[in-house]
Amino acid sequence: MSAMKVVANLEICQGHARCAQICPELFTTDVEQGKVVLRQVQIPADLEEQARLAVANCPEGALRLARNSGSGS
Ligand code: SF4
């Protein structure tokens with residue numbers, strides 16, 4: 001497991017689904033709401049690079065990575 005998690009700001013997400021195209025393991029979109037849905041918050045280590053790419057390519061800046069605080073919580 002990576003030490004990172006993903007955080008989405010649904011206020012500014014516009015549902016482009018670019019994140020879901022780049023990293024479908026972590027992101028999908030709610031068709032009705034037109035918003036991103038996180039499949040999992042914790043980022044598996046092998047998906048960290050893809051997650052970074054998805055965050056960097058969100059046109060709205062609605063995604064960010066955050067470091068997990070502590071361990072086991
Ligand atoms: S790319 Fe950004 S704005 Fe588009 S669905 Fe994903 S989080 Fe939302």
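All values derive from a computational prediction rather than experimental measurement. (Residues numbered from 1 in each chain as written. Predicted model: local features only at pLDDT ≥ 70, side-chain atom pairs only at ≥ 80, totals over all residues.)

Moving on to the overall build of the protein. Counting secondary structure elements, the protein contains 2 helices and 4 strands. Mapped in sequence order, the helices and strands of the protein form the string β-α-β-β-α-β. Rg of the C-alpha trace for the protein: 12 Å, near the compact-globule value of 11 Å for 73 residues, within the 12% margin. Taking the principal axes of the C-alpha coordinates as reference, the protein spans close to 35 × 20 × 20 Å. Residue pairs at least 24 apart in sequence account for 62% of intrachain contacts in the protein once pairs closer than 6 positions are excluded. (Helix = DSSP H or I, 4+ residues; strand = E, 2+ residues; numbered from the N terminus. Rg over C-alpha atoms; globule rule 2.2 N^0.38 Å. Contact = placed C-beta atoms within 7 Å.)

Moving on, we come to the pairing of strand β3 (residues 35-38). Where strand β2 (residues 27-30) meets β3, 4 bridges bridge the pair, whose relative direction is antiparallel. Bridge pairing links Asp 30 to Lys 35 in β3. Turn length for the β2-β3 hairpin, with the two strands adjacent in sequence and antiparallel, is 4 residues, and the turn residue Gly 34 shows positive phi of about 65 degrees. (Pairing = 2+ DSSP bridges.)

As a further point, take the environment of Ala 62. Considering the arrangement of structural elements, one finds Ala 62 in the loop between α2 (48-57) and β4 (63-67). The buried category is assigned to Ala 62, around which 20 C-beta atoms lie within 10 Å. Measuring from C-alpha to C-alpha, the distance between Ala 62 and Ala 8 comes to 5.7 Å, with 54 residues separating the pair along the chain. (Buried ≥ 20, exposed ≤ 12 C-beta atoms within 10 Å, placed from the backbone.)

Our next topic: the site of the ligand. Near the ligand you find 14 residues, and of these Cys 13, His 16, Arg 18, Cys 19 and Cys 58 are the closest. Partitioned by chemical class, the residues of the shell around the ligand number 8 nonpolar, 4 polar and 2 charged. (Near = placed C-beta within 6 Å. Nonpolar A, V, L, I, M, F, W, Y, C, P; charged D, E, K, R; others polar.)

Quick look at the nonpolar core now. Here is a general trend for soluble globular proteins: nonpolar side chains tend to be buried in one another's company. Grouped together as the largest cluster of nonpolar side chains are 15 residues, with contacts concentrated most on Cys 19, Leu 26, Ala 51, Ala 54 and Leu 63. When residues in this core are grouped by element, the largest group, 3 residues, is from α2. If we skip the residues at most four places from it in the chain, Ala 51 touches Val 6, Cys 23, Leu 26, Ile 43 and Leu 65. (Core = buried A, V, L, I, M, F, W, Y, C linked by C-beta atoms within 7 Å.)

Helical geometry note: an α-helix holds 3.6 residues per turn, so side chains three or four residues apart project in the same direction. Looking only at α2, the buried set comprises Ala 51, Ala 54 and Val 55. Buried positions in α2, seen along its axis, are confined to an arc of 100 degrees and lie on one side of it. Looking at α2, the residues exposed on the side facing more than 90 degrees away from the buried face are Glu 49, Leu 53 and Ala 56. (Arc of directions from axis to C-beta.)

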